[in-house]
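Given next are the chains, with one letter for each unit.
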Amino acid sequence: MKLKGGNRGSGSGNREFGIRGERRNPHSAFYNLQSTIYNQQSTINKRAVCLISGGLDSCVTAAIAKKRGYEIYALSFDYGQRHKKELESAKAVAKALRAAGHKTIKLDLRQIGGSALTDSKIGVPERGAEGIGGDIPATYVPARNTIFLSVALGYAEVVGAGAIFIGANDQDYSGYPDCRPEYFGAFRKLARLATKCSVEGRPIKIETPIIHLKKKDIVRKGMELGAPLHLTWSCYKGGKKACGKCDSCLLRLKGFKEAGIKDPVEYE
Ligand SMILES: [Zn+2]
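Residues numbered from 1 in each chain as written. Predicted model: local features only at pLDDT ≥ 70, side-chain atom pairs only at ≥ 80, totals over all residues.

Student: What exactly am I supposed to notice about the overall build of the chain here?
Tutor: Across its full length, the chain carries eight helices and five strands. Ordered by position from N to C terminus, the α and β elements of the chain give α-β-α-β-α-β-α-β-α-α-β-α-α. Within the chain, the proportion of its 268 residues that are buried is 35%. Here the contacts in the chain between residues at least 6 apart in sequence split such that 70% fall between residues at least 24 apart. (Helix = DSSP H or I, 4+ residues; strand = E, 2+ residues; numbered from the N terminus. Buried ≥ 20, exposed ≤ 12 C-beta atoms within 10 Å, placed from the backbone. Contact = placed C-beta atoms within 7 Å.)

If you want it as structure tokens, here you go:
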């Protein structure tokens, strides 16, 4: 309340006057303080944790976060996937998007297995484009998004991020249960209940900006935003060039073809 009383006549001298000598509003110190606090808060809320896998979808999603004015804190997982190539891509993508930070968390899901991506005894399916969209494929990693989002939630709370961006997509294929909008609806509720910052009035949003986009539209969005698509890696195999045959390659190729854009990645 002392601030509200103003500095007038309190001996604070020329602090009452602006640079050009005009008399300031006696409330200005109060307002300046308020605006400083507001600016600090808005800066904090403009941080986002972006899950970056090295693939196309997460790259475009992070580019969307950047376009919305967020400072990116990239998060990747070394979870025992079949190859490290996508992690190298994740690093390059985070760097290209000028992420303020990038963490790669080691979390070996091979100890659980149960997926073609985390158990070398289970083969990566090559079903052809027409086979995509049927059953949940062997590339489903049990509870992966729940595991990743939980770590992201902790990271977001620590860096003071107001949002988590994840490149989940319910179109085109997979039928992965943890890519459905209702799954993210449930996780948003969990995030509100689970964190100290949320209880104190600083909730963390879970953003899924490409969830309903077709692959061709994801490609177009990426091009429009200047996302570093040339650095991404989608192939389930870690060869020198992408295989062009796995589900992920087929979908990517189809997306670029339908978008009328040449895929910058090389294929076998
Ligand atoms: Zn492939």
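On we go.
Student: Help me out: how do you make sense of the nonpolar core in this one?
Tutor: Within soluble globular proteins, side chains that are nonpolar generally end up buried alongside one another. Ranked by size, the top nonpolar core spans 61 residues in total, and within it Ala48, Cys50, Ala62, Ile72 and Ile164 carry the most contacts. The dominant element in this core, judged by the number of residues it contributes, is helix α2 (residues 56–67), at seven residues. (Core = buried A, V, L, I, M, F, W, Y, C linked by C-beta atoms within 7 Å.)

Student: How should I be thinking about the sheet that holds strand β5 (residues 205–207) in this particular structure?
Tutor: Within the open sheet, the five strands sit side by side as β3-β2-β1-β4-β5. Their pairing is parallel. What marks the edges here is a single partner per strand, and that holds for β3 (101–106) and β5. With strand direction ignored, the average angle separating the axes of adjacent strands in the sheet is 25 degrees. Bridge count for strand β2 (residues 71–78) against β3 is six bridges, and the pairing is parallel. Counterpart to Phe77 in the pairing with β3 is Ile105. (Pairing = 2+ DSSP bridges. Axes fitted to C-alpha atoms, helices over the stretch in contact; angles between N-to-C directions.)

Student: Sorry, what's going on with the packing of α2 against helix α7 (residues 215–225) here?
Tutor: When two helices pack together, you describe them by how their axes are tilted relative to each other and by the distance separating the axes. Direction vectors running N to C along α2 and α7 enclose 45 degrees, while the axes themselves pass 9 Å from each other. Between α2 and α7, the crossing angle belongs to the class labelled oblique. Between α2 and α7 lies a crossing of left-handed hand. Along its contact with α2, which presents Leu56, Asp57, Cys59, Val60, Ala63, Ile64 and Lys67, the element α7 presents Ile218, Lys221, Gly222 and Leu225. (Parallel < 35°, antiparallel > 145°, perpendicular 65-115°, else oblique. Left-handed = near helix turned anticlockwise from the far one by under 90°.)

Student: Just to check I follow, could you spell out helix α3 (residues 85–96) for this structure?
Tutor: Along an α-helix, residues three or four positions apart point the same way, because every turn accommodates 3.6 residues. Spanning twelve residues, α3 covers 17 Å between terminal C-alpha atoms, matching the ideal 16 Å at 1.5 Å per step. Along α3, the residues classified as buried are Glu86, Ser89, Ala90, Val93 and Ala94. All buried residues of α3 lie within an arc of 135 degrees about the axis, which places them on one face of the element. On its buried face, α3 sits against α2, β2 and β3. Backbone geometry just downstream of α3 places Arg98 in the positive-phi region, at approximately 50 degrees. (Expected span 1.5 Å × (residues − 1). Arc of directions from axis to C-beta.)

Student: Please clarify how the environment of Val124 should be interpreted in this entry.
Tutor: Tracing the backbone shows Val124 in the loop between β3 and α4 (144–159). With 19 C-beta atoms counted inside 10 Å, the residue Val124 sits in the partly exposed group. Ignoring anything within four residues of it in the chain, the contact list for Val124 reads Ala116, Thr139, Tyr236, Lys237 and Cys246.

Student: For this particular structure, what's the right way to read helix α8 (residues 247–259)?
Tutor: With 13 residues, α8 extends 18 Å between its outermost C-alpha atoms, agreeing within 8% with the 18 Å of an ideal straight helix rising 1.5 Å per residue. Along α8, the residues classified as buried are Asp247, Ser248, Cys249, Leu250, Leu251, Arg252, Gly255 and Phe256. Note on α8: the residue one or two positions beyond its end, Gly260, has a positive phi of about 70 degrees.

Student: Looking at this structure, I do not really get the pairing of strand β1 (residues 47–51). What am I missing?
Tutor: Each regular strand shows side chains that alternate between the opposite faces of the sheet. Buried residues dominate β1, accounting for four of its five residues. Note: β1 against β2, five bridges, orientation parallel. The partner of Cys50 across the bridge, within β2, is Ala74. Between the parallel elements β1 and β2, the chain passes through α2 in a crossover that is right-handed. Here three bridges tie β1 to strand β4 (residues 163–165), and the two strands are oriented parallel to one another. (Right-handed = clockwise from strand over helix to strand, strands pointing away.)

Student: How should the environment of Tyr70 be read in this particular structure?
Tutor: Relative to the helices and strands, Tyr70 is located in the loop between α2 and β2. When the C-alpha atoms of Tyr70 and Cys50 are compared, they prove to be 9.8 Å apart, with 20 residues separating the residues in sequence. Beyond its immediate chain neighbours, meaning those up to four positions away, Tyr70 contacts Lys46, Arg47, Ala48, Ala65 and Ala163.

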